[in-house]
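The lines below spell out each chain.
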Amino acid sequence: MHGSIRMDTQPWGKRREDGAFHPLADHCLDVASTFRALLDAPGIARSLPRLDPAQRERLTVLAFLHDFGKCNRGFQAKADPAAKETAGHVLEGVALLWNLGELWPSGWEALLGDIAGWFKDGEQAMQMLLASLSHHGRPVSESDYGRNEAVKRKAREWWTASGGYDPLAALDALAATVREAFPQAFQGEAAPIDATPALQQRFAGLVMLADWIGSDTQFFPYRQSPEEDRLALARAAAQRAIKRIGLMPPARREPRPFEATFAFRPTPLQAALTGEITPSDDTRLLLAESDTGSGKTEAALAWFFRLYAEGKVDGLYFALPTRVAARELYARVLKAVEAAFDEEHRPGPVLLAAPGYVRANGESIPTTLTNPDGTLWDDSAQDRQRERLWSAERPKRFLAAPIAVGTIDQALLSVLQVKHSLLRSVCLDRHLLVVDEVHASDPYMREVLKALLQGHLARGGWALLLSATLGESAAAAYFGREPAPLQAAIQRPYPLLSGMRRSWPMPSARHRSIEVECSPTLSDDAALVPALIAALQQGARVLVVCNTVARANALFRLVETTLERDHPALLTALFRLDGQRCPHHGRFSRADRERLDAAVTTQLGKGSPAGPKLLIGTQTLEQSLDIDADWLVTDLAPMDVLIQRFGRLHRHDRAQRPAGFMQPRVLLRIPERELDTYLTSDGALRGPAGLGSVYADGRVLALTLQSLQAQPRIELPAQARERIEHSTHPACLAALPAPWPNHGAMIEGKELGEIRQALRSVLDEKPFGELHYPDKSERILTRLGRPTFEIPLAAPARSPFGASIDRVAIPAHWLDPKSVPEQASAEPCAGGFRVSLGATELRYTRFGLEKLEKDDA
């Protein structure tokens, strides 16, 4: 059945617009062969229960049947563009299984009878069939079928012969094909498979992955002739596909030693993960807490190389809070992988898995690649490249890459009730999951990450959390233990590497004593400007971090105007890109942001020239960017955030710094009034500079300010643990006097709401049929907060820095969500361009995207 066929009598499985088609039986063989090959991939096999060869073949038979619903007459009618009535194939398949048993032809009935005996009971067999039918990414549930009256009404008609086509004969032919292709599934005795909900979900995710690969004509071209041996071709294509994509790792896994890879001797943390700590159940989840700039990234890579060499993982997903942070880290990961392995045995591609910034092996993804429809593989360089880039073509495939650097969102989507979550999950099972800046999670993200880690570890996965400033409450949550009392939490060493049951203190190679001056200038930029000018006159490199974009832009304008009027010679000290003076924040286009980040590194990073420099920006300057400032000026923020910002101060060892800046100093801008005077009657905080909006928990801010006013000299990393716990530990929060308890109740109520939303969004371990994704509009988010609308421009506009901009990212709260346009037009204006969206006027200049008030417009 799988060899020579009459192509004009077979139901089709895939069609092109030109009328060419691929027989359904062939497509099912393509997907089943891919599924069977995936079962042999080490990383995938580790996440499944032990299966004997016959059991693997039986699961392969179920994967083959994923598209049996396409036999129905309504689906086959789609081949005729003039057809007035057509049908789908998923719920139509469910209808045949549940309601139309009396129509089953003998071959199909015998096949389902055999399948029913392969599992602990018939109910599990039906659930596995539903899991196979769910290959489009969303589980098919009783609820979905029960609410679709049209399918229930028409199903009998679609499964009845008419017009020379018999769908039931097509079902019998599929049954005969699968018996001939996979005879081991039907021979001899094998132990029944216990298809637990966990196995059902792994199986469904693998069928989704196999269907995506098996539907890709670069690997599985349409049948070329009636005589073609499709099964032999499909098996060879599947092996080729999973190797080229990177799902089957190279045979040789041994990386070069640490010093040969990184060209320096390992720190104690790096040495521990390179060889001193033994991979075991206790180290499946590790937390590395160490100060900024201490080499946590290289430590994580060393741990990955170790686990990879020992065959415990097949890949790496390095998750960061933002796309920009991922982009900044990507080059370091790529360089390390290239240094660690010979090209022939190197896992790859190494993917930057951040939408808008996607790269593979350091190169931007080409927009035009050959589409080898209807051809066998020719080994042209371009076609080989296209095969290797399979995981980069769509975000849902990002986790299929052997090594990827991306945002935490991509990983969290694997455990949420969103389409293709199970596909993401089976891909992630193979990887060491590294979560950087784990302290940056809000309650919603923290709850989802907890669920992700629990499932990942339960399936034999490995995870490493990295943080400079993680509090005890959050750490305890990730390890599933009760938080330690305050004194015990403070006494925990720092830096520290922690496992499930024990921890390893790490000596710190660097100690800094930072003097913090509290300045009541949070609402008075004019009072700050003289100090900034004086620092520039001394030749200092000054970093100013504001809590909001509006504050950064306003301060920049004031400083620039003052310098133009009173100190024009100092204008060259202002940060600039291509001669344009500008601040740094998140409301620049992607193209401009990449170049702005590079300019920051050039002007303030390692090896940058000496001389006065003033960089004014927002939280975009807190992490990932290489900045070495002589003096830091920052708005009040939570202690852990401030310590992150302090990491940009005296970051590198420089031979000489200006007089007055030889020791690291911070000017902390605080409110002119007591912080509790900004509390409203309902307990909300409404302070200046994002105090209450950007940073909602005023208790943490109050404790941070209290700590730094009482002890303005902070020793890092020695005091990091103590300072963070005193500002975040539940015992300290509870000890604050009135009116803070009222505010605390409001904050905790909001956090509880976020946690409940997270729990409603996370996947349930339910069997197929019961498993249901209620949110059809994909509005479940991996993180709460203010989203953005990305609106394409009708024609590209030129940025003030010379880049071509084809879309603008607009904060959602600037627009009415009910009237967001499909695209917008950009009109040139002085210094940039303007965009009109109804009553909303926007301007893009060297200050980024700004919303104009009526007077400005």
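Scoring rules and cut-offs
- Residues numbered from 1 in each chain as written.
- Predicted model: local features only at pLDDT ≥ 70, side-chain atom pairs only at ≥ 80, totals over all residues.
- Heavy atoms only, no water.
- Helix = DSSP H or I, 4+ residues; strand = E, 2+ residues; numbered from the N terminus.
- Rg over C-alpha atoms; globule rule 2.2 N^0.38 Å.
- Buried < 20%, exposed > 50% of the residue type's maximum accessible area, 1.4 Å probe, protein only.
- Contact = heavy atoms within 4.5 Å.
- Areas by Shrake-Rupley, 256 points an atom, 1.4 Å probe, with all protein chains shown as cover.
- pLDDT = per-residue confidence, 0-100.
- Pairing = 2+ DSSP bridges.
- Salt bridge = Lys/Arg side-chain N within 4 Å of Asp/Glu carboxyl O.
- 1 Å grid on protein atoms, 1.4 Å probe; cavity = no way out; pocket = protein on both sides within 12 Å on 5 of 7 lines; lining within 4 Å.
- Points joined across faces, edges and corners; volume = space filled by probe spheres on them.
- Nonpolar A, V, L, I, M, F, W, Y, C, P; charged D, E, K, R; others polar.
- Expected span 1.5 Å × (residues − 1).
- Axes fitted to C-alpha atoms, helices over the stretch in contact; angles between N-to-C directions.
- Core = buried A, V, L, I, M, F, W, Y, C linked by side-chain atoms within 4.5 Å.
- Parallel < 35°, antiparallel > 145°, perpendicular 65-115°, else oblique.
- Left-handed = near helix turned anticlockwise from the far one by under 90°.

Q: Break down the overall build of the chain for me, citing the residues and quoting the values.
A: A count of helices and strands for the chain gives 30 helices and 26 strands. Taking 857 residues into account, the globule formula puts the C-alpha radius of gyration at 29 Å, and the chain, at 30 Å, falls close to it. Expressed along its principal axes, the backbone C-alpha trace of the chain runs to roughly 90 × 60 × 60 Å. With 857 residues in all, the chain has 58% of them scored as buried. Excluding contacts between residues fewer than 6 apart, the proportion of contacts in the chain whose partners are at least 24 apart in sequence is 76%. Accessible surface for the chain amounts to roughly 33,700 Å². Of this, 50% is attributable to carbon and sulfur atoms.

Q: Describe the confidence of the model for the chain, with residues and values.
A: Per-residue pLDDT for the chain averages 90, and the proportion of residues at 70 or more is 93%. Scored below 50 in pLDDT, residues 1-8 shows 29 contacts in the model against residues more than four places distant or in partner chains. Scored below 50 in pLDDT, residues 367-388 shows 46 contacts in the model against residues more than four places distant or in partner chains.

Q: Which residues make up the pairing of strand β24 (residues 832-837), and what are the values?
A: In this structure, strand β23 (residues 826-829) lies alongside β24, joined through four bridges in antiparallel fashion. Across the sheet, residue Glu827 finds its bridge partner in β24, namely Arg834. Between β23 and β24, which follow one another and run antiparallel, lie two residues, and Gly831 among them has a positive phi close to 85 degrees. Note: β24 against strand β25 (residues 840-845), five bridges, orientation antiparallel. When the sheet's bridge partners are listed, Ser836 is paired in β25 with Glu841. Linking two consecutive strands that pair antiparallel, namely β24 and β25, is a turn of two residues; a positive phi of about 65 degrees is found at Gly838 within it.

Q: Lay out unusual backbone geometry in plain terms, naming residues and giving numbers.
A: Cis geometry marks the peptide bond from Gly348 to Pro349; its omega dihedral reads 10 degrees. Assignment of secondary structure puts Pro349 in the loop between α16 (323-340) and β5 (350-353). At Ala263, a residue that is not glycine, the phi angle is positive and equals roughly 65 degrees. A residue is classified by how much of its surface remains accessible, and Ala263, at 70% relative accessible area, is exposed.

Q: Describe the pairing of strand β1 (residues 12-15), and please don't skip the residues or the numbers.
A: Taken together, the three bridges between β1 and strand β2 (residues 21-23) define a ladder with antiparallel strand orientation. If you follow Trp12 over to β2, its bridge partner there is Pro23. Count of turn residues in the β1/β2 antiparallel hairpin: five residues, of which Gly19 carries a positive phi of about 100 degrees.

Q: Pulling in residues and values, what's your account of the environment of Thr788?
A: The topology assignment puts Thr788 in strand β21 (residues 788-798). When its relative accessible area of 48% is taken as the criterion, Thr788 is described as partly exposed. Along the sequence, Thr788 and Ala809 sit 21 residues apart, while their C-alpha atoms lie 5.9 Å from each other. Excluding its chain neighbours within four sequence positions, the residues that come into contact with Thr788 are Ile810, Pro811 and Ala812.

Q: Hey, could you go over the pattern of salt bridges for me, with residue numbers and the actual values?
A: If you walk through the whole model with that rule in mind, you get 56 salt bridges. The partner of Glu310 in a salt bridge is Arg306, with the nearest N and O atoms 3.2 Å apart. For Glu310, a relative accessible area of 41% gives the class partly exposed. What makes Arg306 buried here is its relative accessible area of 14%.

Q: For empty space enclosed by the protein, give the residues involved together with the corresponding values.
A: As enumerated under the stated definition, the model contains three cavities of 30 Å³ or more in all. Empty space within the largest cavity amounts to approximately 110 Å³. In terms of lining, the largest cavity is formed by Asp291, Thr292, Ala468, Tyr494, Arg510, His511, Arg512, Ile643, Gly647, Leu716, Pro717 and Ala720. By residue class, the composition of the lining of the largest cavity is six nonpolar, three polar and three charged.

Q: An account of helix α7 (residues 122-133) is requested, with residue identities and associated values reported.
A: Over its 12 residues, α7 runs 17 Å from end to end, which matches the ideal 16 Å to within 8%, given 1.5 Å per residue. All of the buried residues along α7 are Gln124, Ala125, Gln127, Met128, Leu129, Leu130, Ala131, Ser132 and Leu133. Contact partners of the buried residues in α7: α3 (53-64), α5 (91-99), α6 (106-116) and α11 (197-214).

Q: An account of the sheet that holds strand β18 (residues 631-635) is requested, with residue identities and associated values reported.
A: Pairing is mixed in the open sheet, where six strands are placed in the order β17-β14-β18-β19-β13-β20. Only two strands of the sheet have a single neighbouring strand rather than two, namely β17 (613-617) and β20 (713-716). Strand after strand, the sheet turns through a mean of 20 degrees between neighbouring axes, direction not considered. Two strands pair when backbone bridges link them, and strand β13 (residues 512-519) and β20 are joined in this way by four bridges, in the antiparallel orientation. Paired with Arg512 across the two strands is Leu716, which belongs to β20. Each of β14 (541-545), β17, β18 and β19 (665-669) touches helix α23 (residues 525-537); the most contacted strand, β18, lies at about 165 degrees to it. Taken strand by strand, helix α26 (residues 639-646) contacts β13, β14, β18, β19 and β20, and its axis lies near 155 degrees from that of β18.

Q: Describe the nonpolar core, naming the residues involved and giving the relevant values.
A: Ranked by internal contacts, the top residues of the largest apolar core, which has 129 residues, are Phe68, Phe119 and Leu433. The contact partners of Phe119, leaving out residues within four places of it in the chain, are Leu59, Leu62, Gln124, Ala125, Met128, Pro192, Ile193 and Ala195. The next biggest cluster of nonpolar side chains, apart from the first, holds 71 residues, and it includes Leu596, Ala599, Leu736 and Phe833.

Q: Lay out the packing of α3 against α7 with the relevant residues and their values.
A: One way to put it is that α3 packs onto α7 with a least axis distance of 8 Å and a crossing angle of 50 degrees. By the angle between their axes, α3 is oblique relative to α7. Seen along the crossing, α3 lies across α7 with a hand that is right-handed. Residues Leu59, Leu62 and Ala63 of α3 touch α7, and the partners they reach there are Met128, Leu129 and Ser132.

Q: Which residues make up the environment of Lys70, and what are the values?
A: Along the chain, Lys70 falls in the loop between α3 and α4 (73-76). Apart from the residues within four sequence positions on either side, Lys70 is in contact with Gly13, Lys14, Leu24, Phe75, Gln76 and His89.

Q: Outline the sheet that holds strand β3 (residues 285-289), supporting the account with residue identities and numerical values.
A: In a beta sheet, neighbouring strands are held together by backbone hydrogen bonds and run either parallel or antiparallel to one another. The sheet built from 10 strands is open, its strands ordered β7-β6-β5-β8-β4-β9-β10-β3-β11-β12 with mixed pairing. The sheet terminates laterally at β7 (363-364) and β12 (503-505), the two strands that pair on one side only. Two strands pair when backbone bridges link them, and β3 and strand β10 (residues 462-467) are joined in this way by five bridges, in the parallel orientation. By the bridge assignment for β10, Leu285 is matched with Ala463. Strand contacts of helix α15 (residues 296-309): β3, β4 (315-320), β8 (403-407), β9 (431-435) and β10, with the helix running at about 170 degrees to β10, the strand carrying the most contacts.

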